[in-house]
Amino acid sequence: MKTVIVVGNGMVGYKFCEKFIATPSNNAYKLIVFGDEPRPAYDRVHLSEYFENQDAKALELAPATWYKKNGIELITGQRVTDIKKEKREIHTDAGDSHSYDYLVLATGSVPFVPPISGVEKEGVFVYRTIEDLEEMMAYASQIKAIKPNGRAAILGGGLLGLEAGKAVLDMGLEPHVVEFAPKLMPRQLDSRSSNVLQLKLESMGIQVHLSKAANQILGDKVIEGMEFGEDDRLDVDMLIISAGIRPRDELGRTCGLEMGTRGGIVVNNKMQTSAEDIFAIGEVALYNQMIYGLVAPGYEMADVAVNQILGNREVVMPDDIDMSTKLKLMGVDVASFGTPYMPADRGLSIIFENKTKHLYKRINVSHDRKTLLGGILVGDASDYNMLHQMYLNGMALPENAEELIVGARGEGGSAFGSAMDLPDTAQICSCESITKGNICSSLLDGKSESLKDVIQCTKATTGCGGCKPMVTELVNETLKSMGKEVKDVICEHFEYTRQELYGIVKVKGISTYNEALDKCGKGHGCEVCKPALASIFATIYNDTANKEDVIQDSNDRFLANIQRNGSYSVVPRIPGGEITPDKLIVLGDVAKEYGLYTKITGGQRIDLFGAELNDLPAIWKKLIDAGFESGHAYGKALRTVKSCVGSTWCRYGMDESVSFAIELEDRYKGIRSPHKLKGGVSGCIRECAEARGKDFGVIAVEGGWNLYVCGNGGATPKHAQLLAEQIDNETVIKYLDRFLMYYIRTAAPLMRTAAWLEKLEGGIEQLKKVVVEDSLNIAQELEMDMQSLVDKYECEWKQAVENEEIGKRFKHFVNTDDRDDNLVFVPMREQKMPEPWTN
C-alpha cells in the first residue's frame, strides 16, 4: 500500500481528502493528514459567522469521525518542520517522522503584516483563524469594560478586511477601515463601484479611510492609534491587520523546491513541484506566476493532484483561471466576473448607476457587441449567476445588451432566459466544478429528490455558496418538469413558504423574531429571514418598525430613505395629494430651517431631501405638530393614493375622486405588505390619476366605480386588471380589504401584486372568485383581519419622537452627538444637492 501525506488541513487540504476517497482506486493508498491547528478543517470563507454564535462546530467541514470512518489518519496540533526529499520523509515538531510515496503541500497562506513600526504592540491582531477571532473577542471585551465607546481599525479594504469590519461591528466597537489604495476592493472593483460600496458601508456605521499609508502604531506597549503622516492620525484601541496574504512556503524553501521570486512553490499544470512526487495546491502553489487566493481554484488544484497521483494524467489545470466571485459583505451584494474593468481599446462598457439605492452595475462587451467579457455588480447581484454563465459559456448577447442589467423593455420580462436554457455543460458551481447536467441528472436519475439531496450528492453550493440561487432554480424547474411539488421556502433558517410561516406565526401567536427562531426555525437567522419575519409581524399585529428595529431593512430601521451621500429624505403623508396653504407653509419653514431640498413627487406629495440622521426626530416633531404623519416612503407599505380633482372642480368628473382617495389612503396607511403598494382614484375614464398603473385603482364610470388591481409602473410596467364594475364606495372598500389581505397572506417576500397575480393559478378569474364570489369562504375573515390592522394603526414617527429610547437610534455616531462631517452639498438652482462623486 502506498502512502500519501497531506500537509495542511485547511479547506483545500480537506477537499483533496474528500476527492481522494471518492475515487474507486483509493483503497490502494494510505492517507495521512497533518494540521497544526487543534481542530479539523473548517470553513474559512464564512469565518465572520463565528462572531455571531461562537460555534466552531458549525464551521467544520467534517468532524474528526469523518476522517476515521474513511480510513484517513488525521493528526492535528502537530506541525511538519522538515522534508527529506531524498528519503521521502517528513519530520514534525513532536519528533516524529513519516515516510511517503506522494507528498501534497496544502499549507495555505499567512496574513501579510506590513513592516510598520509598533506592529508588535498589544491590541494588534491578524484575521485568519478561529483562535485569532477568540483572542480578538477577548480583547474587545476588555476594551468595552473600561471604554464603552471603543474604536477598532482594520488595515486593508479587500474582501477579508471588509469581513473583519463586520466582525468589529458585531463586537460592539466603532469600526474604521483603512485602505492604502484609493478605492475599496481594489482588485475587484472600479472607482465608481467602490464609491457606491463605501457609501453603503458608511450608512451602516463603518468609517472608511482611503489612500492612507500607516507610518507607525502609536502607544507605549498598548496600541493607542495609527499615524499616517504629519498631523494625520486615527485614535483606535485595537487594530486588525488584513492586508493580504503570503504563501506559507517555508517547507518548500528549506527542502530546496523551486520557488517564485516573491514566494510560492512553483508548480506545473499537474500541480507537481520541481520534485515529481511532491505536489502543491491552494494558496501555497505558484501557478502561471500567480497565487490564487480564492477557494475555487484551490479546489480545482486538489482535483488535479488527486487524478495525477492516481494515474489519470490527462487531468490538468487550464491555463486561464476564472477569478469571478460573488459574496455578501455585511448584507451588501458584491460580485465581479471575467475582466471587471478594462481600457476602451479592449472592449466597451455599459454602466447603470443608481446612487439613491446604492446600486452599481457594469458589463463589458466586445467591440462587435457579441461577447460578454466581464462586469461588476454592487448592491444587487441577483443577475450574477446568469451573467457569469453567459461569460463562461460564450453565450450570445441580446440585441440590446443594456437589458442585461436594466431589465427588458416592452412587456417587462427578464432579458435572461431560464437557467434551464443553459447547456448541460454549463458550470454552475465553480468551487466544486458542478455542471447543470450534474444537477439535473441527479434528480432525473432518482439519486436526489430535493435541493438538500442534490447538495449532498453533488457538493454544489458548499464552497462560497454564490451559485445557490441558480442551483435552487434548476432543482425547482427540474422537479416541476417531473410533475413534483416545489416549495419556495424563505431561507435555510425557516423551511417554509412565506404563506406557511404567516399561518404558523398567527396560529401560535409568535410575536418576536427570536421566538420564531425557537419555535419554528433553526440557526441564527440571516438578512433574508429577518425582514421577512418583520413584515409578517407587521401584517398580523400591525407592529411598527420601532418594535424590533434590528430585524428591519436599513430604511425601515431609520424610518427614512437613505440618499446617495448618506443623508435622508423626509416624506410626510399628504392623503390624496390634498394639502392646505398652512401645511404648505409648515413644509417650507421646516425645509428652510434645516436646509432641505424640496421636490413635488409623482405621488402628489412633497419630498424633503438632505436631512441629517441626528435631525430626523426634530424635523418629524415639527411636522407632527402641524398635523402630518409618516408617509412610509421607506417601507413595504402603502405609499400614496393618487387622485385627480374629480367632480368637485373638473367639468368632466363623474364622482368625487379626491375625497375617496383620502378615505382609502387613511384606511390603508401604515399597513405593511410583501412589497410596496400604490393606489389611484380617477374621476372619469380620462384617467388623470393613472389608476390603472397602480396596485389598486378606482375609476368613476356611469353607475359607480370600476375597480382594477395588480398594476404597477417602474422597470416592468403592468396595466391593472378589472376586478369589479359599477360598484359603490362601500363595496370598493369591502373588495379592497379582501384583495389586500389575500395578497398579504399569500405573496412571497418582495413580490409586487402584478407578479403575484401572474403566479396565481387561474389569474384574475380566480381572484374574482375569491374576492367577489367568496369561493373560499374566507371573505369575512379577510375583512376582519384588515379592520384589525386599520384599528391598530400608529404613526411610527410619533413613537420615535415621544419615546426617548427609540430616539437614541437616530444618531450618526453611537458614542457621541457629533454630526457626519463627510456630508457635503453644493448649490443647485437656488437649492442644494450632494457634491458629485469623483472617479
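Each value, and the rule that gives it
- Residues numbered from 1 in each chain as written.
- Predicted model: local features only at pLDDT ≥ 70, side-chain atom pairs only at ≥ 80, totals over all residues.
- Heavy atoms only, no water.
- Pairing = 2+ DSSP bridges.
- Helix = DSSP H or I, 4+ residues; strand = E, 2+ residues; numbered from the N terminus.
- Axes fitted to C-alpha atoms, helices over the stretch in contact; angles between N-to-C directions.
- UniProt positions renumbered as here; feature names shortened; annotations may be inferred.
- Buried < 20%, exposed > 50% of the residue type's maximum accessible area, 1.4 Å probe, protein only.
- Contact = heavy atoms within 4.5 Å.
- Parallel < 35°, antiparallel > 145°, perpendicular 65-115°, else oblique.
- Left-handed = near helix turned anticlockwise from the far one by under 90°.
- Nonpolar A, V, L, I, M, F, W, Y, C, P; charged D, E, K, R; others polar.
- Expected span 1.5 Å × (residues − 1).
- Core = buried A, V, L, I, M, F, W, Y, C linked by side-chain atoms within 4.5 Å.
- Domains from an automatic or database assignment.
- Phe/Tyr/Trp six-rings, centres within 6.5 Å; stacked < 30°, edge-to-face > 60°.

(A) View of the sheet that holds strand S4 (residues 80–84). Pairing is antiparallel in the open sheet, where 3 strands are placed in the order S4-S5-S6. Each edge of the open sheet carries a strand with a single partner, namely S4 and strand S6 (97–99). Pairs of neighbouring strands in the sheet enclose a mean axial angle of 20°, with direction left out of account. Bridging between strand S5 (residues 89–92) and S6 involves 3 bridges; their strand directions are antiparallel. Its bridge partner being in S6, His 91 is matched across the sheet by Ser 97.

(B) Spatial organisation of the UniProt feature "binding site: siroheme" (unreviewed entry) in the protein. The feature "binding site: siroheme" (unreviewed entry), as given by UniProt, occupies Cys 688 in the numbering adopted here. Assignment of secondary structure puts Cys 688 in the loop between strand S33 (677–682) and strand S34 (696–701). Using a relative accessible area of 58% as the deciding quantity, one classes Cys 688 as exposed. Ignoring anything within four residues of it in the chain, the contact list for Cys 688 reads Cys 644 and Ser 682.

(C) Local environment of the packing of helix H15 (residues 498–508) against helix H17 (residues 529–541). Direction vectors running N to C along H15 and H17 enclose 55°, while the axes themselves pass 10 Å from each other. It follows from the interaxial angle that H15 and H17 lie oblique. The handedness of the crossing between H15 and H17 is right-handed. Side by side, H15 and H17 meet where Arg 498, Leu 501, Tyr 502, Val 505 and Lys 506 of the first sit next to Leu 533, Ser 535, Ile 536, Phe 537, Thr 539, Ile 540 and Tyr 541 of the second. When the residues that make up the contact of H15 with H17 are grouped by side-chain class, the tally is 8 nonpolar, 2 polar and 2 charged.

(D) Highlighting unusual backbone geometry. Positive phi is not limited to glycine here, since Lys 459 has a value of about 75°. Along the chain, Lys 459 falls in the loop between helix H13 (451–458) and helix H14 (468–481). The phi angle at Leu 559 is positive, at roughly 55°, despite the residue not being glycine. You can see Leu 559 is positioned in the loop between helix H18 (554–557) and strand S28 (561–562). For Leu 559, a relative accessible area of 0% corresponds to the buried category.

(E) Quick peek at helix H6 (residues 159–170). With 12 residues, H6 should reach 16 Å at 1.5 Å per residue; the first-to-last C-alpha distance of 17 Å fits that figure. Looking one or two places after H6, you find Gly 172, whose phi comes out positive at around 85°.

(F) Examining the nonpolar core more closely. Within the largest apolar cluster, 78 residues are counted, with the highest numbers of intra-cluster contacts made by Phe 16, Leu 105, Met 271 and Ile 281. Top contributing element to this core by residue count: helix H9 (residues 295–309), with 9 residues. Counting 65 residues, the second-largest nonpolar core is a separate cluster that includes Phe 537, Leu 677, Leu 723 and Met 741.

(G) Seen up close, the pairing of strand S14 (residues 225–229). Judged by how many residues are buried, S14 sits mostly within the fold: 4 of 5 residues are covered. Sheet topology note: the strand S13 (residues 216–218)/S14 ladder contains 3 bridges and is antiparallel. Residue Ile 217 lies in a different strand from S14, and its bridge partner there is Met 226. With 4 bridges joining them, S14 and strand S15 (residues 232–235) adopt antiparallel strand pairing. Each bridged residue has a counterpart across the sheet, and for Glu 227 the counterpart in S15 is Arg 233. Count of turn residues in the S14/S15 antiparallel hairpin: 2 residues, of which Asp 231 carries a positive phi of about 60°.

(H) Spatial organisation of the domain arrangement of the protein. Per the domain assignment, the segments of the protein are domain 1 (2–108 + 248–310), domain 2 (112–245) and domain 3 (558–792). A C-alpha centroid distance of 45 Å is found between domain 2 and domain 3.

(I) Inspection of the sheet that holds S14 at higher detail. With antiparallel pairing, the 3 strands of this open sheet are ordered in space as S13-S14-S15. In the strand order of this sheet, the two ends are held by S13 and S15, each with one partner. Adjacent strand axes in the sheet meet at a mean angle of 25°, parallel and antiparallel pairs treated alike.

(J) Representation of the packing of aromatic side chains. Counting across every chain of the model gives 20 aromatic pairs. Between Tyr 102 and Phe 279, the ring centres sit 6.3 Å apart and the planes meet at 55°, which makes this aromatic pair tilted. Of this pair, Tyr 102 sits in strand S7 (residues 102–105) while Phe 279 sits in strand S19 (residues 278–280); the two residues are 177 residues apart in sequence, bridging distant segments of the chain. The exposure classification of Tyr 102 matches that of Phe 279, with both residues buried.

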